[in-house]
Amino acid sequence: MKKILFVCLGNICRSPLAEALFRAKVDSQNLSDNFYIDSCGTNGFHNGERADDRTRKNASTHGIEVDSISRQLTLGDLMDFDLIVTMASDVHFQVLNFCRTQEQKDKIHLFRELDPDAPNSNIPDPWYGGDEGFENVFQIIDKNADLWVNYLNAASNE
Ligand code: 4NP
């Protein structure tokens, strides 16, 4: 089983959606036994809170339930997870700085590193914007979650 952690700043908008979409995709392919999926934030400002109402409402219009509870990244996560996927470059460098070993650093990947349309670009933070920002983020995360599922399935079949 591969353990994957999605990380953003607050763990209430981007990474909870990445977690929910990735899980929905592996469930629909009957591959849920192959993955343990979680998400967290680099800051703990929203610890214990459900995801942002706007994220949950937008996802529900696409039939996706976002039910994670916000929590902050821990040193244990860097040891426990096999793959740590960051939603934007600021988060990416925060997580890299938090690492204690090269082995931990090697687990950290940008979410859009597989995206042929905008390689290594950030998932915009929809927190300050309007509803269209949440739909835009949904579309980008949905596409990139497909890319990750396909990539990881291909890698596990090698
Ligand atoms: P997220 O968005 O990182 O996608 O969950 C944010 C939500 C809240 C804050 C920052 C980013 N905040 O600073 O409160």
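### Considering the packing of aromatic side chains
Aromatic ring pairs are reported here in terms of the distance separating the ring centres and the angle at which the planes meet.
Then, number 1: In this structure the tally under the stated criterion is six aromatic pairs.
Then, number 2: With a centroid separation of 5.9 Å and 90° between ring planes, the pair formed by Trp 148 and Tyr 151 is classed as edge-to-face. Taken together, the positions of Trp 148 and Tyr 151, both in helix α6 (residues 131-156) and three residues apart, correspond to about one turn of that helix.
Then, number 3: When its relative accessible area of 2% is taken as the criterion, Trp 148 is described as buried.

### Observations concerning helix α1 (residues 14-28)
Then, number 1: In this model α1 runs 21 Å from its N-terminal to its C-terminal C-alpha over 15 residues, within 8% of the 21 Å that 1.5 Å per residue would give.
Then, number 2: Taken residue by residue, α1 has Arg 14, Ser 15, Pro 16, Leu 17, Ala 18, Glu 19, Ala 20, Leu 21, Phe 22, Lys 25 and Val 26 as its buried positions.
Then, number 3: The elements touched by buried residues of α1 are β1 (2-8), β2 (35-41), α2 (53-61) and α6.
Then, number 4: Looking one or two residues past α1, Asn 30 carries a phi angle of roughly 55°, positive in sign.

### A look at the side chain of Ser 70
Then, number 1: Structurally, Ser 70 is set in the loop between α2 and α3 (75-80).
Then, number 2: Separated by 3.3 Å, the side chain of Ser 70 and the backbone oxygen of His 46 make a polar contact.
Then, number 3: With residues up to four places along the chain from it excluded, the contact list for Ser 70 reads Gly 10, Asn 11, Ile 12, His 46, Asn 47, Gly 48 and Glu 49.

### Concerning the site of the ligand
Then, number 1: Around the ligand, a shell composed of Cys 8, Leu 9, Gly 10, Asn 11, Ile 12, Cys 13, Arg 14, Phe 45, His 46, Asp 125 and Trp 127 is seen.
Then, number 2: Between the ligand and the protein, one listed contact pairs an oxygen atom with a backbone N or O atom of Cys 13 at 2.9 Å.
Then, number 3: Here the ligand has 350 Å² of accessible area as a free molecule, and 90% of this is covered by the chains.
Then, number 4: Along the lines of polarity and charge, the residues of the shell around the ligand split into six nonpolar, three polar and two charged.

### A few points about the environment of Ala 18
Then, number 1: As for its position among the elements, Ala 18 is in helix α1.
Then, number 2: In the structure, Ala 18 is positioned 137 residues away from Ala 155 in sequence and 20 Å away in space, judged by C-alpha atoms.
Then, number 3: If near-sequence neighbours (up to four positions away) are discounted, Ala 18 is found in contact with Phe 6, Met 87, Phe 111 and Ile 141.

Conventions adopted
Residues numbered from 1 in each chain as written. Predicted model: local features only at pLDDT ≥ 70, side-chain atom pairs only at ≥ 80, totals over all residues. Heavy atoms only, no water. Phe/Tyr/Trp six-rings, centres within 6.5 Å; stacked < 30°, edge-to-face > 60°. Helix = DSSP H or I, 4+ residues; strand = E, 2+ residues; numbered from the N terminus. Buried < 20%, exposed > 50% of the residue type's maximum accessible area, 1.4 Å probe, protein only. Expected span 1.5 Å × (residues − 1). Contact = heavy atoms within 4.5 Å. Polar contact = N/O pair within 3.5 Å; in protein donor to acceptor, adjacent residues only side chain to side chain. Near = heavy atom within 4 Å. Areas by Shrake-Rupley, 256 points an atom, 1.4 Å probe, with all protein chains shown as cover. Nonpolar A, V, L, I, M, F, W, Y, C, P; charged D, E, K, R; others polar.

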